[in-house]
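# Structure assessment
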Amino acid sequence: EGDSNAYQGTLYADGIHVDSVDAFLLTASQITDAEVIVGSKDTGYRPPNFDTDARQAYRYEAGVFTSLGALPGAPAGVEFASLANSINSSGVIVGNSDVQVGGYQHAVMWINDQIIDLNTAYASQLAANTVATDAYGLNDSGEFVLVVEDTQPFGGTRYYLARPLIPTDRKSVV
């Protein structure tokens, strides 16, 4: 696993440049043993008061980019950014998505083309005045690292091992 940011992303398969994959602002967060890549890529939409385009989470498999989208609620004419950080062998993906203009984010999970807001899903287990902002390191048991920010001044960041609230194994997901 690793994080690779580039202004012009290029993919090579077996040492050969894949022509269909050049993308501005392409980020590859993880590649699986099955050669599935997740990350984020340029949407072509530039939010007001930003100097770069919004990027949204994707899944790349067998030569095809599939946009994972972002959480709903963006104002008309605006696209929220999102990032896929990690994928397990069942195809479940975790990362983050904007929830309001200005880059405020919630941790999310994508299962079967559906996005789940993990801040909402884990709300009853989070301390007061905290927000689940990111998720990564998803394993095949469905456990992952949940990043939680304290919204109080000088509150800090906490990292939790999150156990699945919903089935994330191959039998339940497929």
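Here goes a summary of the coordinates provided. (Residues numbered from 1 in each chain as written. Predicted model: local features only at pLDDT ≥ 70, side-chain atom pairs only at ≥ 80, totals over all residues. Heavy atoms only, no water.)

The subject of this paragraph is the overall build of the protein. Per the secondary structure count, the protein includes two helices and 14 strands. Relative to its full complement of 174 residues, the protein shows a buried share of 39%. Put simply, 39% of the contacts in the protein that link residues at least 6 apart link residues at least 24 apart. (Helix = DSSP H or I, 4+ residues; strand = E, 2+ residues; numbered from the N terminus. Buried < 20%, exposed > 50% of the residue type's maximum accessible area, 1.4 Å probe, protein only. Contact = heavy atoms within 4.5 Å.)

This part covers the sheet that holds strand β12 (residues 130-136). The antiparallel open sheet is built from three strands, whose spatial order is β12-β13-β14. Two strands in the sheet have a free side with no partner beyond their single neighbour: β12 and β14 (157-162). Strand-to-strand twist of the sheet, defined as the mean angle between neighbouring strand axes without regard to direction, takes the value 30°. Where strand β13 (residues 144-150) and β14 come together, six bridges link them in antiparallel fashion. Across the sheet, Val-145 pairs through a bridge with Leu-161, a residue of β14. (Pairing = 2+ DSSP bridges. Axes fitted to C-alpha atoms, helices over the stretch in contact; angles between N-to-C directions.)

This next bit is on the nonpolar core. If you look at the biggest cluster of nonpolar residues, it comprises 15 residues, and the most contacted ones within it are Met-109, Leu-118, Tyr-122, Phe-144 and Leu-146. Those elements that provide at least two residues to this core are β10 (104-111), β12 and β13. When near neighbours in sequence (up to four residues on either side) are disregarded, Leu-118 contacts Ala-107, Val-108, Met-109, Ala-135, Phe-144 and Leu-146. Grouped together as the second largest cluster of nonpolar side chains are ten residues, Val-36, Ala-57, Leu-71 and Val-108 included. (Core = buried A, V, L, I, M, F, W, Y, C linked by side-chain atoms within 4.5 Å.)

Let us look at the environment of Leu-138. As for its position among the elements, Leu-138 is in the loop between β12 and β13. Taking relative accessible area as the criterion, Leu-138 reaches 6% and is therefore assigned buried. Measuring from C-alpha to C-alpha, the distance between Leu-138 and Ala-162 comes to 9.3 Å, with 24 residues separating the pair along the chain.

Let us look at the sheet that holds strand β9 (residues 93-100). Read from one edge of the open sheet, four strands run β8-β9-β10-β11, paired in antiparallel fashion. Unpaired on one side and paired on the other, β8 (82-87) and β11 (114-117) mark the two borders of the sheet. With direction set aside, neighbouring strand axes in the sheet form an average angle of 35°. Bridge count for β9 against β10 is seven bridges, and the pairing is antiparallel. Looking at the pairing, Asn-96 lines up with Ala-107 of β10.

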